[in-house]
Amino acid sequence: MERNSTQLNAKTFFVTGATGYLGGYITRHLVRSGAYLFCLRRKSSDISCLRDIEHRINWVCSETTDLHDFFQRQKIDAIVHCSTNYGKETNSPIVTVDANLILPLRLLHAAASTSVKCFVNFDTVLDKRVNHYSLSKKQFLEWCEVYTQKIKFINIKLHHFFGPFDDLSKFTAFIIDGLLTQKERIKLTSGKQKRDFIYIEDVVDAFGKIISTPADAFPIGVSNFEVGTGTTVSIREFVELAKDLSENKCTKLDFGALPERENEVYSPK
């Protein structure tokens, strides 16, 4: 895709995870802002969710592209790493580690040795002991310290985001779908855990404000941003409110039917 006249002076971003939930929203925001985009994808990736803006995206194949060579040939203002694996589809940590540690480390290493100015990473507020997902995300952040003198690293730590069309494997989407379809029973833990629930559009808005900040305002090294509403509610409060708002009178919320997961975090720091 050739740059049009309105994109000649626009920032150029390299996005991972564009076909995912968060990445799709971020990609659409960047398109609306007039950015010039390269998006990393596997050959098998389903890009149908972005079909309406596909003409604004330059796809880069993850299996065949030499990242170091690519970043040498293309002027990239920032890498935006949205791709993630929550570790729910397999009991093996290998796939999760590959997506959350190995891939971004390959990108960071290639970027730091070329002319890429900035790396934007979407992180989690979860403690690393909670599961393979949170551990692999924190391990990548530790590796970033190796490159702090070579590239500006913006780390966006997300609280529990939710919104329309999210994957039903995600907690909020699972609960809302179960209530709207009036399932007979939803098994839950005690629900004592507190979370900061933030709407996906608010996450995108925060991202937009961060990347619109002049690059000179960020120091070389890691700049952390925690994105949430600033208010926590218990899982039980959230689920009961969702049931009231959906006017569901028949679904049983079976609190205590499921055991607490190991190393559960009951309140975000």
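Scroll up to find the structure.
This one's a predicted model, so the numbers in the text were calculated from it and none came from an experiment.

S.K.: Please explain the packing of helix 1 (residues 21-32) against helix 6 (residues 200-211) as it appears in this structure.
M.R.: The description of two packed helices rests on the angle between their axes and on the distance between the axes. Remark: helix 1 packs on helix 6, axes separated minimally by 10 Å, with the N-to-C direction vectors making an angle of 50°. Judged by the inter-axis angle, helix 1 sits oblique to helix 6. Every pair of crossing elements has a handedness; the one defined by helix 1 and helix 6 is right-handed. Across from Tyr21, Leu22, Tyr25, Ile26, His29 and Leu30 in helix 1, the residues of helix 6 making contact are Ile200, Glu201, Val203, Val204, Phe207, Gly208 and Ile211. Looking at the contact of helix 1 with helix 6 residue by residue, the classes come out as ten nonpolar, two polar and one charged.

S.K.: How should the environment of glutamine 149 be read in this particular structure?
M.R.: Looking at the secondary structure, you find glutamine 149 in the loop between helix 4 (132-144) and strand 6 (152-158). Since its relative accessible area comes to 67%, glutamine 149 is described here as exposed. As for glutamine 149 and arginine 185, which are separated by 36 residues in sequence, their C-alpha atoms are 53 Å apart.

S.K.: Honestly, the pairing of strand 5 (residues 118-124) in this entry has me stumped. Any pointers?
M.R.: A regular strand places its side chains so that they alternate between the two faces of the sheet. For strand 5, the buried fraction is high: seven of the seven residues fall into the buried class. Across the two faces of strand 5 the burial is the same, with Cys118, Val120, Phe122 and Thr124 and Phe119, Asn121 and Asp123 all buried. Judged from the four bridges that link them, strand 4 (residues 78-81) and strand 5 form a sheet pairing that is parallel. Its bridge partner lying in strand 5, histidine 81 is registered against asparagine 121. Pairing of strand 5 with strand 6 involves seven bridges; the strand directions are parallel. Across the sheet, the residue bridging to aspartate 123 is lysine 157, located in strand 6. Each parallel crossover has a hand, and the one from strand 5 via helix 4 to strand 6 is right-handed.

Definitions and cut-offs
- Residues numbered from 1 in each chain as written.
- Predicted model: local features only at pLDDT ≥ 70, side-chain atom pairs only at ≥ 80, totals over all residues.
- Heavy atoms only, no water.
- Axes fitted to C-alpha atoms, helices over the stretch in contact; angles between N-to-C directions.
- Helix = DSSP H or I, 4+ residues; strand = E, 2+ residues; numbered from the N terminus.
- Parallel < 35°, antiparallel > 145°, perpendicular 65-115°, else oblique.
- Left-handed = near helix turned anticlockwise from the far one by under 90°.
- Contact = heavy atoms within 4.5 Å.
- Nonpolar A, V, L, I, M, F, W, Y, C, P; charged D, E, K, R; others polar.
- Buried < 20%, exposed > 50% of the residue type's maximum accessible area, 1.4 Å probe, protein only.
- Pairing = 2+ DSSP bridges.
- Right-handed = clockwise from strand over helix to strand, strands pointing away.

Nothing here speaks to function; it is geometry throughout.
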